[in-house]
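# Close look at the chain arrangement
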Amino acid sequence: MIRKAGAGDAAALADLAAVTFPLACPPGSSPEDIRIHLKRTLSEDRFAEYLADSKIAILVLEEGGQLDGYTLLVDRQATDPDVLRALSAQPSVELSKCYVHPDHHGRGAASALMLASLDWAADQGAAGVWLGVNSENAKAIRFYEKSGFTRVGTKSFTLGDSVENDFILEYALPRKV
Ligand SMILES: CC(C)(COP(=O)(O)OP(=O)(O)OC[C@H]1O[C@@H](n2cnc3c(N)ncnc32)[C@H](O)[C@@H]1OP(=O)(O)O)[C@@H](O)C(=O)NCCC(=O)NCCS
């Protein structure tokens, strides 16, 4: 089942993020940088803030009362000049996070979450969806390209105290009639 997360999901989301975020990091990432990022960005308190933000939606994949995946979407104009330069479809929702528990990889769960996420963005009146993905995360890049995203630029991403290279990918939503 896919549903919009609510205030009561913050702790479970932080637990899921602690398992899934390291999978998106390049092989050489330091455990300390990952720990810092989890604390700054993916803690229970941070998820509680995201859940209270009217411009953010978190969609969760749930089975038997357990969260197995989530996406976090931000319906706000991007501020990074590299992103603004790269996007052709505006306004654009950011798919800021897209994570599935490894037990559920390769089973269609990620595609179901993606479809629900694109639907949510279309419902907000967006013309497109964009995301940043680490340039070494071949598995995620393949998944996004299969989902219809195309590479439109590059930007930097701070992981703890290191700066990583991200590709910017964009999906143009069909026009609503
Ligand atoms: C990125 C992520 C969400 C993609 O999910 P996924 O389930 O691994 O990706 P896919 O849906 O492409 O599935 C992987 C493989 O299983 C296959 N598959 C998918 N659904 C299937 C199904 N129902 N039955 C059989 N095979 C299936 C796919 O065809 C794919 O094979 P391929 O790689 O040869 O094309 C997931 O890998 C993940 O959470 N990774 C860690 C976190 C991360 O990197 N997030 C992105 C940050 S930007």
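Preceding this paragraph is the structure being described.
Quick look at the structure, then. Residue positions are given per chain, counting from 1 as you read along its sequence in written order. This being a predicted model, a pLDDT of at least 70 is required before a residue's local features are given, and a value of 80 or more before pairs of side-chain atoms are given or counted; all residues contribute to the totals for chains, interfaces and linings. Excluding hydrogens and water, the side-chain figures rest on all heavy atoms present in the structure.

## Describing the sheet that holds strand β1 (residues 2-4)
Here seven strands make up an open sheet; going across it, the order is β1-β2-β3-β4-β5-β7-β6 and the pairing mixed. Lying at the two open borders of the sheet, with one neighbouring strand each, are β1 and β6 (150-159). The mean angle between the axes of side-by-side strands here comes to 30°, regardless of whether they run parallel or antiparallel. A pair of strands is labelled paired if DSSP reports no fewer than 2 bridges between them. The numbering of helices and of strands both runs from the N terminus, where a helix is a DSSP run of H or I of at least 4 residues and a strand a run of E of at least 2. Here three bridges tie β1 to strand β2 (residues 56-63), and the two strands are oriented antiparallel to one another. In the strand pairing of β2, Arg3 is matched with Val60. Residue contacts are counted whenever heavy atoms from the two residues lie within 4.5 Å of one another. Every axis corresponds to a line fitted to the C-alpha atoms, with the helix fit spanning only the stretch in contact, and the corresponding angles, defined between N-to-C directions, vary from 0 to 180 degrees. Together, β2, β3 (66-74) and β4 (92-100) form the strand contacts of helix α1 (residues 10-20), whose direction differs from that of β3 by roughly 90°.

## Topic: the pattern of salt bridges
We define a salt bridge as a contact between a side-chain nitrogen of Lys or Arg and a carboxyl oxygen of Asp or Glu at a distance within 4 Å. Applying the stated criterion across every chain yields a total of seven salt bridges. Between Arg85 and Asp82 there is a salt bridge, and its shortest N-O distance comes to 2.5 Å. Highlighted residues: Arg85 and Asp82, both in helix α4 (residues 81-86), separated by three residues, approximately one helical turn. For the exposure calls, accessible area comes from a 1.4 Å probe over protein chains only, and a residue counts as buried if that area is under 20% of its type's maximum, exposed if over 50%, partly exposed in between. According to the relative accessible area criterion, Asp82 is partly exposed, its value standing at 29%. Members of the salt-bridge network, linked through shared partners, are Arg3, Asp9 and Glu62.

## Section: the site of the ligand
We define proximity as follows: a residue is near a molecule or strand when any one of its heavy atoms falls within 4 Å of that partner. In the vicinity of the ligand there are 20 residues, among which Val100, Gly106, Asn137, Arg142 and Lys146 approach most closely. Polar contact is the term for a pair of N or O atoms within 3.5 Å; when the atoms are in protein, one must be able to donate a hydrogen and the other to accept it, and sequence-neighboring residues count only if both atoms are side-chain atoms. Interatomic distance of 2.7 Å between a backbone N/O atom of Gly106 and an oxygen atom of the ligand. Within the backbone of Gly108, an N or O atom sits 2.9 Å from a nitrogen atom of the ligand. All accessible areas in this document rest on Shrake-Rupley with a 1.4 Å probe, and a residue is counted as covered only by the protein chains that are shown. Expressed as a share of its isolated accessible area of 930 Å², the protein-covered part of the ligand is 69%. Elements represented by at least two residues in the shell around the ligand include exactly β4, β5 (128-134) and α6 (138-146). Along the lines of polarity and charge, the residues of the shell around the ligand split into 10 nonpolar, six polar and four charged. In this classification, the charged set is Asp, Glu, Lys and Arg, the nonpolar set is Ala, Val, Leu, Ile, Met, Phe, Trp, Tyr, Cys and Pro, and all remaining amino acids, among them Gly, are polar.

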